[in-house]
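# Commentary on secondary and tertiary structure
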Amino acid sequence: IQAQADSTKTIVGTHQLATFTNADYNMGPTPIGKSTSFNVYIKNISNADTLWIADVKVGCGCTTPKYRVNEPIAPGQTSFVTLGFTGSARGEFIKYADIVFKTGQTKRIKFYGQAVTDTVSITTVIKQ
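None of these values were measured; they are calculated from a predicted model. (Residues numbered from 1 in each chain as written. Predicted model: local features only at pLDDT ≥ 70, side-chain atom pairs only at ≥ 80, totals over all residues. Heavy atoms only, no water.)

## Looking at the nonpolar core
By size, the foremost hydrophobic cluster in this structure holds 23 residues, and its most contacted members are I42, I53, L83 and I99. Listed by contribution, the elements that provide at least two residues to this core are β1 (18-21), β3 (36-44), β4 (51-58), β7 (78-85), β8 (91-101) and β9 (106-116). No other element matches the 4 residues that β8 contributes to this core. Those residues in contact with L83 that sit more than four places away from it in its chain are T36, S37, F38, V40, V56, T63, T64, P65, A97, I109 and F111. (Core = buried A, V, L, I, M, F, W, Y, C linked by side-chain atoms within 4.5 Å. Buried < 20%, exposed > 50% of the residue type's maximum accessible area, 1.4 Å probe, protein only. Helix = DSSP H or I, 4+ residues; strand = E, 2+ residues; numbered from the N terminus. Contact = heavy atoms within 4.5 Å.)

This is the structure:
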């Protein structure tokens, strides 16, 4: 009797395929109504698997993602996703975006800060 080979493929987590810079990003004081952005850098640390970003899902219209759909990220290479944010309400905020890879893995990105009404408020927040 021969043993049947296991045909199921184990899906590895994103932490085994890539490293992420700015995945938990403090935007600090952010002027209300003015767009600001930051980059999330993705480095492929796998030995053989090429990564492709399939989608970036955001929680609300105040966050806008920019990325290259279907651009290969070969082992050892780095790419990035730009997340833009335009706050409309004063106060602290926490937002999330999910980077979805073609292989089904998802990486949750968190960014946060304090939306302020003017530069005087920004100076006050920085001094605190």
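The structure having been displayed, the exposition proceeds.
## Some points on the state of the cysteines
Summed over all chains, the structure comprises 1 disulfide. Linked covalently through their sulfurs, C60 and C62 form a disulfide whose S-S length is 2.4 Å. With a relative accessible area of 18%, C62 lands in the buried category. (Disulfide = S-S within 2.5 Å.)

## Remarks on the packing of aromatic side chains
The geometry of an aromatic ring pair is captured by the separation of the ring centres together with the interplanar angle, meaning the angle of the planes. A full pass over the atoms with the stated rule returns 6 aromatic pairs. Summarising the aromatic geometry, the rings of Y25 and F38 are spaced 4.2 Å apart at their centres and angled 15° between planes, so their arrangement reads as stacked. Note that Y25 is positioned in strand β2 (residues 24-31) and F38 in strand β3, a separation of 13 residues in sequence. Judged by its relative accessible area of 5%, F38 is buried. Measuring from centroid to centroid gives 5.9 Å for F85 and F111, while their planes differ by 75°, and the two rings are edge-to-face. A residue pair is termed long-range when its members are at least 10 positions apart, and F85 in strand β7 and F111 in strand β9 qualify at 26 residues. Comparing F85 with F111 shows no difference in burial state: the two are buried. Put simply, the rings of Y25, F38, F85, F93 and F111 pair up and form one aromatic cluster. Its end group placed over the ring of W52, K102 keeps NZ or CZ at 5.7 Å from the ring centre. (Phe/Tyr/Trp six-rings, centres within 6.5 Å; stacked < 30°, edge-to-face > 60°. Lys NZ or Arg CZ within 6 Å of the ring centre and 35° of its normal.)

## What about the side chain of S79?
By secondary structure assignment, the location of S79 is in strand β7. For S79, the side chain forms a polar contact with the side chain of E71, separated by 3.1 Å. Setting aside its immediate chain neighbours within four residues, S79 contacts V40, Y41, I42, R68, E71 and I73. (Polar contact = N/O pair within 3.5 Å; in protein donor to acceptor, adjacent residues only side chain to side chain.)

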